[in-house]
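A closer look at the structure
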Amino acid sequence: MTYQLYYSPAACSLAVHIVLEELGQAFDLQLVTNTREAGYLALNSKGRVPVLMIPGERQPLTELPVILTYLARRHPEAGLLPDDALAEARCHEWLAWLAGWVHGMAFGALWRPERFVSDPQVHAMIQANGKALILDSFLSIEERLAAQDSSPAPGFTLVDPFLLVLYAWGERINLPMAKDYPAWASRTQTTLARPAVVRALNREGIHLELAATPHRPA
């Protein structure tokens with residue numbers, strides 16, 4: 001029995017792909033090129049990636065923080081969540097903020113303004129606000145990573161793959177990531193050195209200097 005990950009290249013599903021590589025568990029990748037296609041909507045009516053199919057389970061698992069947490073708890077030997085309850089809670093705190101605010105609100109407004117308002121005449125204003133939210137959030141990420149008591153738990157945790165995705169998205173929108181966010185850049189370089197991360201990037205055809213790709217995250 002094998003996990004099945006429904007993903008789009010360079011989307012937030014990359015974080016799950018990296019974790020599956022880290023776990024060393026058998027899994028198949030199912031490429032999703034259109035999250036609004038009827039067949040995919042039958043699998044996940046929310047029309048988003050990632051989706052994880054779990055061996056022996058008929059119901060798919062959705063939502064990035066949930067999937068990451070499930071995999072970390074299901075395979076504790078990988079050490080992707082701390083044993084200490086408060087340290088684990090801090091990881092979930094990071095995930096909730098990154099997924100709900102930085103990804104959902106800030107990048108959502110920049111790349112998908114139609115999710116907020118259908119009127120195209122105000123999309124440019126929504127996108128400008130999204131860019132401002134990204135800059136504010138990225139500054140907060142940098143400050144938190146630079147302050148050890150605000151960082152995720154020491155070592156590689158389930159937060160780091162998502163931080164890598166967001167860093168790559170910053171490069172994609174032409175932010176000077178290494179210059180403006182040195183603590184984040186340092187953590188990213190450590191993440192990029194992991195063999196599991198290299199395998200995931202290679203399988204998705206992502207070349208990180210961090211290079212932009214023409215595909216927009218779903």
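First, a word on what this report is: a plain description of the structure on this page. Each residue is numbered by its place in its chain's sequence as written, counting from 1. For a predicted model such as this one, the threshold for reporting local features is a pLDDT of at least 70, and the threshold for listing and counting side-chain atom pairs is 80 or more; totals across whole chains, interfaces and linings nevertheless cover every residue. No hydrogens and no water enter the side-chain calculation; it runs on all heavy atoms of the structure.

1. A closer look at the nonpolar core
In this structure, L71, L98, F107, F138, L158, F162 and W184 are the most contacted members of the largest nonpolar core, which totals 63 residues. By definition, any uninterrupted DSSP run of H or I lasting at least four residues is a helix, any uninterrupted run of E lasting at least two residues is a strand, and each is numbered from the N terminus. Of all the elements, helix α4 (residues 85-111) adds the most residues to this core, at 10 residues. The residues touching W184, leaving out its near neighbours within four places in the chain, are F138, I141, E142, L145, L163, L166, Y167 and M177. Working definition of a nonpolar core: buried Ala, Val, Leu, Ile, Met, Phe, Trp, Tyr and Cys residues. They are joined through side-chain atoms within 4.5 Å. Partly exposed residues are those whose accessible area sits between 20% and 50% of the maximum for their type, while under 20% is buried and over 50% is exposed, using a 1.4 Å probe and protein chains only. Listed in part, the 7 residues of the second largest apolar core include V32, Y40, V51 and M53. Whether two residues are in contact is decided by their heavy atoms: any pair within 4.5 Å suffices.

2. Focus on the packing of helix α3 (residues 64-74) against α4
Note on definitions: angles span 0 to 180 degrees between N-to-C directions of axes, and those axes are lines fitted to C-alpha atoms, for helices only across the stretch in contact. Running from N to C, α3 and α4 cross one another at 155°; their axes reach a closest spacing of 10 Å. When the axes of α3 and α4 are compared, the pair comes out roughly antiparallel. For the pair α3 and α4, the sense of crossing is right-handed. Across the interface between the two elements, P65, L68, T69 and R73 from α3 touch E88, H92, L95 and A99 from α4. All residues other than Ala, Val, Leu, Ile, Met, Phe, Trp, Tyr, Cys, Pro, Asp, Glu, Lys and Arg, Gly among them, are scored as polar; the first ten of these are nonpolar and the last four charged. The residue inventory of the contact of α3 with α4, partitioned by class, reads 4 nonpolar, 2 polar and 2 charged. Working definition: roughly parallel below 35 degrees, roughly antiparallel above 145 degrees, roughly perpendicular at 65 to 115 degrees, and oblique for all remaining angles. Helix crossings are classified by the rotation of the near helix relative to the far one: an anticlockwise turn of less than a right angle makes the crossing left-handed, while a clockwise turn makes it right-handed.

3. Focus: a nonpolar patch on the surface
Taken together, the side chains of W101, M105, F116 and V117 define a hydrophobic patch exposed on the protein surface, amounting to about 320 Å² of accessible area. For F116, the position within the fold is in the loop between α4 and α5 (123-146). Patches here: salt-bridge-free residues with over 30% relative accessible area, like charges joined within 9 Å, nonpolar side chains (Val, Leu, Ile, Met, Phe, Trp, Tyr) joined within 5 Å. All accessible-area figures derive from a Shrake-Rupley calculation using a 1.4 Å probe, and residue coverage is judged against the displayed protein chains alone. Every case where a carboxyl oxygen of Asp or Glu lies within 4 Å of a side-chain nitrogen of Lys or Arg is listed as a salt bridge.

4. Concerning helix α6 (residues 159-172)
By definition here, a helix of n residues has an expected span of 1.5 Å times n minus one. Given a rise of 1.5 Å per residue, 14 residues ought to cover 20 Å, and the 20 Å separating the end C-alpha atoms of α6 matches this to within 8%. With 13 of 14 residues buried, α6 lies mostly within the body of the structure. Among the residues trailing α6, N174 stands out with phi positive, at a value near 70°.

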